[in-house]
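# Close look at the chain arrangement
Here are the chains, one letter per residue:
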Amino acid sequence: MSEIQNIQWFPGHMTKTKRKIQASLKLVDAVVEILDARIPISSRNPDIASLIQNKPRVVLLNKCDMADKISNQKWIDHLKKSNISAIAVDCKSGKGINKFVPTLNNVLSNKLNSLKNKGMINPILRIMIVGIPNVGKSSFINKIAKQTKAKVEDRPGVTRGNQWYTISKNFELLDTPGVLWPKFDDQTTAEHLAFTGAIKDQIMDVEQLAMRLIEVLSEIKPQKFMERFKLTDDILVNSENSYETLKFIGKKRGMLISGGEIDTERAATMILDEFRAAKLGEITLELPEKE
Ligand code: G4P
């Protein structure tokens, strides 16, 4: 797994990104932080709080269709304790997106009211999206834009080049999301990002990764894992290591190469693909208790 840890963002790249986000933050009244509902800890940027300071924030637990429903609610409740409003969304189907504008209204109600009290009839507040690569930023923009027939307009007076989507009567969304970097400060984080596909496969050993996934799933979801790959209890329990389980699954799926050997690389890719496509069911890898 050492290869995973090597894909750090370069410090120069991070500084540039940080500056860009800080510049955009000056233009907005609130931030929408998108997390992967399956791994809300690993998909969060550790610097987010210091980066956005006191800006009001809404957290989207995206890809909630692939995460466990009870865990989604646990996360929403957990974040609420820290005064953070979170909603579970599926930006692929659009499920849960209808809660976004009401939540934003709630988070920004003080500001909207005070502007109204000052005589501004229909104040417009602006928001921006932040999140790590692949977490669903563009999918969210597409959904919210479609739902509200977003109008893109240039505002050269504000900042040349910035465009805003109108997402409701009171809100506009900056069209360029802030791309945050994930943290790789421990093995579990790196693995969870890799399991969910946040990190590309070409830069890691797929067999090693699939073996780790086998170990994790055997521990947290043994039933779902056994059902999907038609394993029996004794195979899982008696396997001396996850490589044996990987070979067994490869054989079961008929993944052989010449000479009758098992194509473990193909089997590894298949296991990872099936996990990422939620074919093993809805699985959350990180719960609030872990924080
Ligand atoms: P980004 O802008 O943050 O980099 O992420 P993007 O929206 O491109 O989404 C990354 C991938 O995650 C896409 O899949 C997208 O369809 C998928 N995705 C985003 N939100 C959700 C969600 O709520 N549920 C599920 N199941 N998937 C989601 P892709 O394989 O790259 O493309 P495609 O499958 O759309 O062709």
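Scroll up a little and you will see the structure.
Residues numbered from 1 in each chain as written. Predicted model: local features only at pLDDT ≥ 70, side-chain atom pairs only at ≥ 80, totals over all residues. Heavy atoms only, no water.

### Re the overall build of the chain
Looking only at helices and strands, the chain has 13 helices and 10 strands in total. Put simply, 70% of the contacts in the chain that link residues at least 6 apart link residues at least 24 apart. As displayed, the chain has an accessible area near 14,800 Å², and 49% of this comes from carbon and sulfur atoms. (Helix = DSSP H or I, 4+ residues; strand = E, 2+ residues; numbered from the N terminus. Contact = heavy atoms within 4.5 Å. Areas by Shrake-Rupley, 256 points an atom, 1.4 Å probe, with all protein chains shown as cover.)

### Some words on the pairing of strand 2 (residues 57-62)
Most of strand 2 is tucked away: 6 of the 6 residues are buried. In terms of strand pairing, strand 1 (residues 30-36) meets strand 2 through 6 bridges, oriented parallel. Each residue of the ladder has a partner; that of D36, found in strand 2, is N62. When strand 2 meets strand 3 (residues 85-88), the two strands line up parallel, connected through 4 bridges. When the sheet's bridge partners are listed, L60 is paired in strand 3 with I87. Crossover handedness for the path strand 2 to helix 4 (residues 69-81) to strand 3: right-handed. (Buried < 20%, exposed > 50% of the residue type's maximum accessible area, 1.4 Å probe, protein only. Pairing = 2+ DSSP bridges. Right-handed = clockwise from strand over helix to strand, strands pointing away.)

### Observations regarding the environment of A190
With respect to the secondary-structure elements, A190 resides in helix 8 (residues 187-195). With 147 residues separating them in the primary sequence, A190 and S43 have C-alpha atoms 10.0 Å apart.

### Notes on empty space enclosed by the protein
Throughout the structure, instances matching the rule amount to 1 cavity of 30 Å³ or more. Taken as a whole, the largest cavity spans an internal volume of roughly 40 Å³. Taken together, R38, M66, F275, A278, G281 and I283 make up the lining of the largest cavity. Looking at the lining of the largest cavity residue by residue, the classes come out as 4 nonpolar, 1 polar and 1 charged. (1 Å grid on protein atoms, 1.4 Å probe; cavity = no way out; pocket = protein on both sides within 12 Å on 5 of 7 lines; lining within 4 Å. Points joined across faces, edges and corners; volume = space filled by probe spheres on them. Nonpolar A, V, L, I, M, F, W, Y, C, P; charged D, E, K, R; others polar.)

### Side note on the layout of surface pockets
Put simply, the largest pocket is a space of about 320 Å³. Around the largest pocket, the lining comprises 16 residues; the ones closest to its centre are H192, V216, I220, L285 and K290. Where the lining of the largest pocket is concerned, the elements lending two or more residues are helix 8 and helix 9 (206-220). Considering each element in turn, the lining of the largest pocket owes the most residues, 5 residues, to helix 9. Class assignment of the residues belonging to the lining of the largest pocket gives a composition of 4 nonpolar, 5 polar and 7 charged. The calculated volume of the second largest pocket comes to roughly 270 Å³. Lining the second largest pocket are 14 residues, and of these K20, I21, T176, P177 and G178 sit closest to its centre. Of all the elements in the fold, those that place two or more residues in the lining of the second largest pocket are helix 2 (11-25) and strand 8 (178-179). Considering every element that reaches the lining of the second largest pocket, the biggest residue donor is helix 2, with 6 residues.

### Looking at the site of the ligand
Around the ligand lies a shell of 15 residues, among which D65, C91, K137, S138 and S139 are the nearest. Between the ligand and K92, the relevant distance is 3.2 Å, taken from an oxygen atom to a side-chain nitrogen or oxygen of the residue. Within the complex, the protein chains bury 63% of what would otherwise be the 710 Å² of accessible surface of the ligand. Ranked by residues supplied to the shell around the ligand, first place goes to helix 7 (residues 137-147) with 3 residues. (Near = heavy atom within 4 Å. Polar contact = N/O pair within 3.5 Å; in protein donor to acceptor, adjacent residues only side chain to side chain.)

Function cannot be read off these values alone, since they describe shape.
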